[in-house]
Amino acid sequence: MERSFSSVYLLCSYSQGQVVSASMHHLSPCCSLCPAGRMGIELYLDLLSPPCRSVYIFAKKNNIPFTFKQMEVLKGQQHSDGFGKVNILRKVPALKDGGFTLAESPAILTYLSQKYKTPDHWYPLDMKKRARVDEYLSWHHSAIRSSVFKIFWLKNMDRTFCPRASTFAKGLEGLWLTKCLTDWRPLVVFPLYMDQTAPEEKLQEALEDLTIPLKQLEEKFLQDKPFLVGNMISLADLVAVTELMQLIAIGYNILEDMPKLVEWRNRVEKAVGKELFQEVHKVILNFQDLNSMLIEPQLKEQMKPRLLKMVA
């Protein structure tokens, strides 16, 4: 019997001006508790995706009313006819605000910031500070994200104890992350689609490619500041931290020898709020049901050219 890869689902509703979350065992991909006539925007999100997690955190942290349209990208739901009407690019996150639709997480984050007039530190009105946020968002996709995406897809792991991850996790605030990293290690996605493991040398190449962007993240963007753009958290920090958590979740202690970035990550979690930070990362940190997921043959064929390009 086919099982969902996620055991925790999150639902957002609008209640007395607040965003409310609820944990459910079974939730259809399109659910809402928003009262009739008081609907906010619709956000199409898969919380396995770092860009989706950054949008979710931002909306929740700023009490933005939204309906969570749950997507399961690994099952190919982005290829449905219904979603194609929201985003012809077939990617998440996606936003629907009445008849207006929007793709790409940087555009969605800046749209939400301006529409709902969120606190200035997220996306400053000051031209130079805003330019710094935009600079990071522009750099991130081709630097950090491209490497993380490739590593996540190529990594082959089984459920075994991970002592190095355990050691690294002790430097991060909160026992919740230590427990998630040391209880088990999940099997990641390449074998599900290709019926074979990825070549180890290609994975090593991707890891080596990440070392330069990580150094640039620290030396150019963070420097000696508390956050990437200044003394307060911004959209840049959200986008960066959710991406790096993707690799931490699969057992890579990528910040092991970078104490400044570890301290920055901890500050971001504290600024977001530990409860919200843990909530949004539960899906990726408890990635336990992937082994039993059944991938449709048609979807395997659709993904095969892209995966073959990764290992070419």
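Please read all numbers here as calculations on a predicted model, not as lab measurements. Note on numbering: residues in each chain are counted from 1, in written sequence order. Owing to the predicted nature of the model, reporting of local features is limited to residues with pLDDT of at least 70; listing and counting of side-chain atom pairs is limited to 80 or more, with chain, interface and lining totals taken over all residues. Only hydrogens and water are removed before side-chain values are computed, so all heavy atoms of the structure are retained for them.

1. What about unusual backbone geometry?
Part 1: Cis geometry marks the peptide bond from V92 to P93, where omega comes out at 5°.
Part 2: Every helix listed is a DSSP run of H or I at least four residues long, and every strand listed is a run of E at least two residues long, numbered separately from the N terminus. Tracing the sequence through the fold places P93 in the loop between α2 (81-86) and β5 (94-97).
Part 3: Phi is positive for N63, which is not a glycine, with a value near 55°.
Part 4: Relative to the assigned elements, N63 resides in the loop between α1 (50-61) and β4 (66-70).
Part 5: Within the chain, E104 stands out as a residue other than glycine whose phi angle is a positive 75°.

2. Section: the pattern of salt bridges
Part 1: What counts as a salt bridge is simple: a side-chain nitrogen of Lys or Arg found within 4 Å of a carboxyl oxygen of Asp or Glu. Following the criterion strictly, the structure yields nine salt bridges and no others.
Part 2: Between E135 and K220 there is a salt bridge, with its nearest N and O atoms 3.1 Å apart. In this pair, E135 is assigned in helix α4 (residues 127-154) and K220 in helix α8 (residues 200-222), connecting sequence segments 85 residues apart.
Part 3: For every residue, the accessible area (1.4 Å probe, protein chains only) is compared with the maximum for its type, and the residue is labelled buried under 20%, exposed over 50%, or partly exposed between those bounds. Judged by relative accessible area, which is 28%, E135 ranks as partly exposed.
Part 4: Judged by its relative accessible area of 39%, K220 is partly exposed.
Part 5: Notably, a salt bridge pairs R145 with E243, separated by 2.8 Å at the nearest N-O pair. Pair noted here: R145 is in helix α4 and E243 is in helix α9 (residues 235-249), with a separation of 98 residues, a long-range link.

3. A word on the side chain of S105
Part 1: Following the sequence through the fold, S105 ends up in helix α3 (residues 105-115).
Part 2: Residue classification places S105 among the buried residues on the basis of a relative accessible area of 11%.
Part 3: Residues count as neighbours in contact if any of their non-hydrogen atoms are within 4.5 Å of one another. In contact with S105, not counting residues within four places along its chain, are P51, V55 and P93.

4. Describing the packing of α1 against helix α11 (residues 274-285)
Part 1: In this analysis, axes come from line fits to C-alpha atoms, helices being fitted only over the stretch in contact, and the angle between any two N-to-C directions falls in the range 0 to 180 degrees. Direction vectors running N to C along α1 and α11 enclose 155°, while the axes themselves pass 10 Å from each other. When the axes of α1 and α11 are compared, the pair comes out roughly antiparallel. In the packing of α1 onto α11, the handedness of the crossing is right-handed. Residues R53, Y56, I57, K60 and K61 of α1 touch α11, and the partners they reach there are L276, E279, V280, H281 and I284. Here the word oblique covers every angle except those under 35 degrees (roughly parallel), over 145 (roughly antiparallel) and from 65 to 115 (roughly perpendicular). Take the far helix as the reference: if the near one is turned anticlockwise from it by less than a right angle, the crossing is left-handed, and if turned clockwise, right-handed.

5. Focus on α3
Part 1: Of the positions making up α3, those classed as buried are S105, I108, L109, T110, L112 and S113.
Part 2: In this structure, the buried residues of α3 make contact with β3 (41-45), α1, β5, β6 (100-103) and α9.
Part 3: One or two steps after α3, the chain reaches K117, where phi turns positive at roughly 50°.

6. Focus on the packing of aromatic side chains
Part 1: Pairing of aromatic side chains requires ring centres within 6.5 Å, counting the rings of Phe and Tyr and the six-membered ring of Trp. Pairs whose planes differ by under 30 degrees are stacked, by over 60 edge-to-face, and all others tilted. Inspection of every chain in the model, using the stated rule, returns eight aromatic pairs.
Part 2: Their ring planes at 85° and their centres at 6.0 Å tell us that Y56 and F66 sit as a pair that is edge-to-face. Residue Y56 is found in helix α1, and its partner F66 is found in strand β4; the two are separated by ten residues along the sequence. With respect to class, Y56 is no different from F66; both count as buried.
Part 3: The interplanar angle of 85° and the centroid separation of 5.3 Å between the aromatic rings of F58 and W122 together place this pair among those described as edge-to-face. With F58 in helix α1 and W122 in the loop between α3 and α4, this residue pair connects regions lying 64 residues apart in the sequence. We note that F58, like W122, is buried.
Part 4: By the ring-pair criterion, three or more aromatic residues cluster together here, those being Y56, F66 and F68.
Part 5: If you follow K115 out to its NZ or CZ, it ends over the ring of Y116, 5.6 Å from the centre. Comment: the charge-over-ring label is applied if NZ (Lys) or CZ (Arg) is within 6 Å of the ring centre and within 35 degrees of the ring normal.

7. Let's talk about the sheet that holds β4
Part 1: Here four strands make up an open sheet; going across it, the order is β4-β3-β5-β6 and the pairing mixed. For this open sheet the edge positions go to β4 and β6, each flanked by a neighbour on one side alone. Mean inter-strand twist for the sheet, computed between neighbouring axes without regard to direction, equals 20°.
Part 2: Set on the sheet, α1 makes contact with β3 and β4; between it and β3 the angle comes to about 150°. At least two DSSP bridges between two strands are needed for those strands to be called paired.

8. Considering the pairing of β3
Part 1: Burial runs high along β3: five of the five residues are buried.
Part 2: Going residue by residue along β3, you find I41, L43 and L45 tucked away on one face and E42 and Y44 tucked away on the opposite face as well.
Part 3: The sheet contact formed by β3 and β4 spans five bridges and is parallel. Bridging across to β4, I41 finds its partner in F66.

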